[in-house]
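Here's the letter readout for the chains.
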Amino acid sequence: MPQPSYTYGVARVRVLETKLLGRDRIERMADAPSAEDVLKILAETSYAPLVAEIGSPHDYEEILIREMKRVRDFIGEISPDSDIMSLFFLKYDFHNLKVLLKNMYLSNENDDLALSEMGAIPIEVLKAGLEDEGHKAMPWFMADAVRQIEDMFVIKIDPQKIDTVLDRAMYDYIFSVCRKTRNPFATQYFRKQVDLINLRSLLRAKRLGENFDFLKDLLIPYGDLDISYFADAIEQAYENIISTLEYTPYGKLAAEGIQDFLRNGNLTAFEKMMDDYLMEYVRSVKHNPFGIEAIVGYLLGKENEIKLIRIIMVGKLNNMPAEKIRERLRDVYV
Amino acid sequence: MAVMRVNPTRMELTRLKKRLQVAVRGHKLLKDKRDEMVRRFVELVRQNKRLREQVEEKLTQALKDFLMTRAVMSSEVLEEAIMFPSRRVEITPSTGNIMGVVVPVIEYREETDEDVSPYPYSFSTTSAELDGAILTLSGILPLMIELAGMEKTCQMLADEIEKTRRRVNALEYIVIPQLEETIRYITMKLDEDERGNRTRLMKVKDMLEEKDAALKQA
């Protein structure tokens, strides 16, 4: 049941925030000797009923999926403005669309698809939308992208295009909604997200020794950093990239992340810092009781928590050394 | 060594002698074949070992990378990212020949399309750790195919060596001694008959001479 005001939702979220896993719990889980012990620690938290239901630690994904679904339903129940909130779930819908499209072009009759149950749009709707001629069953912004892909694939089938076109379409839609609703928080948040993703794409393309032609399809407009910046940056040395970013909000992150990348040759630390940066931003604005900030914060905190548990569980199940797990652990929300 | 059950005749003797000749020549040829095969085999096995170690090391690395990727991405997103391969690989199996052994030769050709990106996923939803894993894996595929061919070759060669070795041994320790033994037996038997004949003749001659002498005296 949607609520008329944010204050109600924020109040409820505030209570639940205290139930998120704290730093110390995560630390304990990372230090646990085995996956069973991680589950034991998890059983002391709000995850207890879910932990009790699964048989072996290998089914941990089940816990995570059910917890996320619960969070989604809860957020749907308490948020007054579903337009803005649904932007934060859009990635799951687009994920499903990607899977269905790829499956269609692979023309296999595989029923066991990696679909996410977190999407706001039912999978049947997406399927029906793909099958009918004008794609009328699915939302217009998806239908447009699908048509674009179909036009492209008449000439040549390039699976990456499915992902890039749909990613672009997703952010097109997100920013159009942001403009319409004039929500400064959502706009800021997605801008930062796009910037960070673009920066990461830049570093990945550079690491693979690719040029701007390769990178330009992967970049997403709408960020604070302009596309022309990346066209220039890909030719630059890493040190120059750090210095050009120095006076942007990403100065510290870029300096530390890129330095670590140059030292270790991987972007593990950079990715962790990306997540931490966004989390930090949300945390800094979550005290507004009259907006979606706290609710989004809770959602992201929960997504982050799920990610942490997954990293720890995968690590423990595969006997990954504790420090390898630790270097991937993001900050917690609370 | 058992002697063959043959009639000790001159015909048989010639036949056996011919067989012995063939057996000796066959034995020599097979022995040469075996030696050469073993030489080639040792060479191949060494190569095989090197290749296998290489593949295993790289594979461990790639799987480790994938594990890391798996840890930071949810399984659906990871699966979506790699469900549609953007590269095609063509494999043409044919056969080669090592010392008369038909061995598999696998030809590997990657069809790269310049306009199609080698990464079948976008960079915005995937983790950077995936790039490394994909890169390592795509480097291993040709090696793995080569290894598959080489390992099968080694197996087939080993089988063939085993067979040849059995044949050489059978010739060396059974057929040839048996033939030699039989030949000796027939020769001795024939000689014995010869001697028997001669003694009989001599005896008859003695008897005849005795008879003649008795007639003359009478």
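Look up a bit, the structure's there.
Residues numbered from 1 in each chain as written. Chains lettered and ligands numbered in written order. Predicted model: local features only at pLDDT ≥ 70, side-chain atom pairs only at ≥ 80, totals over all residues. Heavy atoms only, no water.

Draft legend 1. Examining the overall build of chain B more closely. For chain B, the helix and strand inventory stands at three helices and two strands. If you list the helices and strands of chain B from N to C, you get α-α-β-β-α. Relative to the globule expectation of 17 Å for 218 residues, the C-alpha radius of gyration of chain B, 37 Å, shows a markedly less compact shape. If you line up chain B on its principal axes, its C-alpha atoms span 140 × 30 × 25 Å. Buried positions account for 34% of the 218 residues belonging to chain B. (Helix = DSSP H or I, 4+ residues; strand = E, 2+ residues; numbered from the N terminus. Rg over C-alpha atoms; globule rule 2.2 N^0.38 Å. Buried < 20%, exposed > 50% of the residue type's maximum accessible area, 1.4 Å probe, protein only.)

Draft legend 2. Representation of the packing of helix α1 (residues 10-72) of chain B against helix α2 (residues 75-82) of chain B in the model. Residue and element names in this part refer to chain B. At a minimum axis distance of 8 Å, the contact between α1 and α2 shows a crossing angle of 125 degrees. The pairing of α1 with α2 is recorded here as oblique in orientation. Considering how the two elements wind past one another, α1 and α2 form a crossing that is right-handed. For the pair α1 and α2, contact is made by F66, T69 and R70 and by S75, L78 and I82, respectively. When its residues are assigned to classes, the contact of α1 with α2 shows three nonpolar, two polar and one charged. (Axes fitted to C-alpha atoms, helices over the stretch in contact; angles between N-to-C directions. Parallel < 35°, antiparallel > 145°, perpendicular 65-115°, else oblique. Left-handed = near helix turned anticlockwise from the far one by under 90°. Contact = heavy atoms within 4.5 Å. Nonpolar A, V, L, I, M, F, W, Y, C, P; charged D, E, K, R; others polar.)

Draft legend 3. Quick look at the environment of A:I41. Residues and elements named next belong to chain A. Here I41 is to be found in helix α3 (residues 35-42). Given the relative accessible area of 9%, I41 is considered buried. Sequence separation between I41 and V51 is ten residues, and the spatial gap between their C-alpha atoms is 10.0 Å. Apart from the residues lying within four places of it in its own chain, the contact partners of I41 are R25, R28, M29 and A32.

Draft legend 4. Structural detail: the interface of chain B and chain A. Opposite the 35 residues of chain B that make contact, chain A presents 47 residues. Summed over both sides, the interface of chain B with chain A buries roughly 3500 Å², with 61% coming from carbon and sulfur. Inspection of the chain B/chain A interface yields four salt bridges. Between A:R328 and B:E129 there is a salt bridge, and its shortest N-O distance comes to 3.2 Å. At the junction of chain B and chain A, the tally comes to 21 residue pairs in polar contact (both at pLDDT 80 or more). Broken down by secondary-structure element, the contributors of at least two residues to the side of chain B that touches chain A are α1, α2 and α3 (128-217) of chain B. Across the side of chain B that touches chain A, the residue classes break down as 17 nonpolar, ten polar and eight charged. (Buried area = accessible area lost by both parts, 1.4 Å probe. Salt bridge = Lys/Arg side-chain N within 4 Å of Asp/Glu carboxyl O. Polar contact = N/O pair within 3.5 Å; in protein donor to acceptor, adjacent residues only side chain to side chain.)

Draft legend 5. Structural context of the side chain of B:D131. The topology assignment puts B:D131 in helix α3. Looking at B:D131, the relative accessible area reads 0%, which means it is buried. Beyond its immediate sequence surroundings of up to four residues, B:D131 is in contact with A:R204, A:R207, A:L208, B:Y121 and B:F123.

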